[in-house]
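Reading the structure
Next come the chains, spelled out residue by residue.
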Amino acid sequence: MTDDLRIAALDIGGTRIKAGLFEGMKLVQTAETDTPAKEGAKALLKAAGDLLDSFQPFEAVGISTAGQVDPITGIMRYANENLPGYTGTHVQEYFANRFNCPCAVMNDAYSAALGEGTCGAARGYTDYICITYGTGIGGGVFIDEQP
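Figured I'd write up the structure that's included with this text. (Residues numbered from 1 in each chain as written. Predicted model: local features only at pLDDT ≥ 70, side-chain atom pairs only at ≥ 80, totals over all residues. Heavy atoms only, no water.)

Before going further, it helps to examine the pairing of strand β8 (residues 128-133). Note that β8 and strand β9 (residues 137-142) share six bridges and pair antiparallel. Note on β9: the bridge partner recorded for Thr132 is Gly138. (Pairing = 2+ DSSP bridges. Helix = DSSP H or I, 4+ residues; strand = E, 2+ residues; numbered from the N terminus.)

Glancing now at the packing of helix α1 (residues 41-53) against helix α2 (residues 91-99). At a minimum axis distance of 11 Å, the contact between α1 and α2 shows a crossing angle of 40 degrees. Taken together, the axes of α1 and α2 lie oblique to each other. Helix-helix and strand crossings are classified by hand; for α1 and α2 the assignment is right-handed. Listed contacts from α2 to Leu45, Lys46, Ala48, Gly49, Asp50, Leu52 and Asp53 of α1 are Val91, Tyr94, Phe95, Arg98 and Phe99. (Axes fitted to C-alpha atoms, helices over the stretch in contact; angles between N-to-C directions. Parallel < 35°, antiparallel > 145°, perpendicular 65-115°, else oblique. Left-handed = near helix turned anticlockwise from the far one by under 90°. Contact = heavy atoms within 4.5 Å.)

Under the counting rule described, the total for this entry stands at seven salt bridges. Two residues, Arg98 and Asp50, come together in a salt bridge whose shortest N-O distance is 2.7 Å. Separated by 48 residues along the polypeptide, Arg98 in helix α2 and Asp50 in helix α1 bring together distant segments of the chain. Look at Arg98 and you get partly exposed, because its relative accessible area is 29%. The salt bridge involving Arg77 is made with Asp70; its shortest N-O contact spans 3.6 Å. A relative accessible area of 54% means that Arg77 is categorised as exposed. The exposure class of Asp70 is buried, given its relative accessible area of 17%. Bridged by salt links that share partners, the residues Lys46, Asp50, Asp53 and Arg98 form one connected network. (Salt bridge = Lys/Arg side-chain N within 4 Å of Asp/Glu carboxyl O. Buried < 20%, exposed > 50% of the residue type's maximum accessible area, 1.4 Å probe, protein only.)

This part is about a nonpolar patch on the surface. Residues Ile129, Ile131, Tyr133, Ile137, Val141 and Ile143 make up a contiguous nonpolar surface patch of roughly 750 Å² in combined accessible area. Broken down by secondary-structure element, the contributors of at least two residues to the nonpolar patch are β8 and β9. The leading source of residues in the nonpolar patch is β8, at three residues. (Patch = residues over 30% accessible without salt bridge, like charges linked within 9 Å, V, L, I, M, F, W, Y side chains within 5 Å. Areas by Shrake-Rupley, 256 points an atom, 1.4 Å probe, with all protein chains shown as cover.)

Within this structure, the stated rule accounts for zero disulfides. Cys101 takes part in no disulfide bond, and the closest cysteine sulfur to it belongs to Cys103, at a distance of 4.3 Å. (Disulfide = S-S within 2.5 Å.)

One open sheet holds the five strands; their spatial order is β3-β2-β1-β4-β7, and the pairing between them is mixed. Across the chains shown, the open sheet's two edge strands, defined by having one partner strand only, are β3 (26-34) and β7 (103-107). Across the sheet, the axes of successive neighbouring strands diverge by a mean angle of 15 degrees, strand direction being ignored. Relative to the sheet, α2 contacts β1 (6-12), β4 (60-65) and β7, its axis offset from that of β7 by approximately 150 degrees. In the packing of helix α3 (residues 108-119) onto the sheet, the strands contacted are β1, β4 and β7, and the crossing angle to β7 comes to about 100 degrees.

On to the packing of aromatic side chains. Aromatic ring pairs are defined here through the distance separating the ring centres and the angle between the ring planes. Taken as a whole and assessed by the stated rule, the structure comprises five aromatic pairs. Seen in terms of ring centroids, Tyr110 and Phe142 are 5.8 Å apart; in terms of plane orientation they differ by 10 degrees. Their pairing is stacked. In this pair, Tyr110 is assigned in helix α3 and Phe142 in strand β9, connecting sequence segments 32 residues apart. Its relative accessible area of 25% is what places Tyr110 among the partly exposed residues. Judged by relative accessible area, Phe142 falls into the buried class, the value being 5%. Taking the centre distance of 5.0 Å and the plane angle of 5 degrees together, the rings of Tyr128 and Phe142 count as stacked. With Tyr128 in strand β8 and Phe142 in strand β9, this residue pair connects regions lying 14 residues apart in the sequence. One exposure class covers both Tyr128 and Phe142, and it is buried. Through a chain of ring-to-ring contacts, three or more aromatic side chains come together here, namely Phe58, Tyr94, Phe95 and Phe99. (Phe/Tyr/Trp six-rings, centres within 6.5 Å; stacked < 30°, edge-to-face > 60°.)

Listed below in structure tokens is the structure:
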């Protein structure tokens, strides 16, 4: 990663939406807001996008989200009652169109596990489990460095 590459990171949870802006490997800005979950998927995506507006310009967005997401298409396969109307939402497409940049989307618990293996408590281990809990419960398992 070059020092001048600006990447926005977004975590969409059932209670809070959190965002960060990285320049190279350095976190330079953060923001968060309540998740308007009960207002539906459109309100949720708008609130998340509005949070990223103050970070512009940036070259890409990495998104972790509650629920089961197809990481290839960025479409929500399933979200429980914590995020009503979120199942079937085209998360990747929404942010790619809104900010005209590449976007990657994956499950928040899997993102946490990947982060712990890359930079956190599981760094250097080939096999590990990461359990997350908050509004919901999730986890990620890595065996032989593979999810």
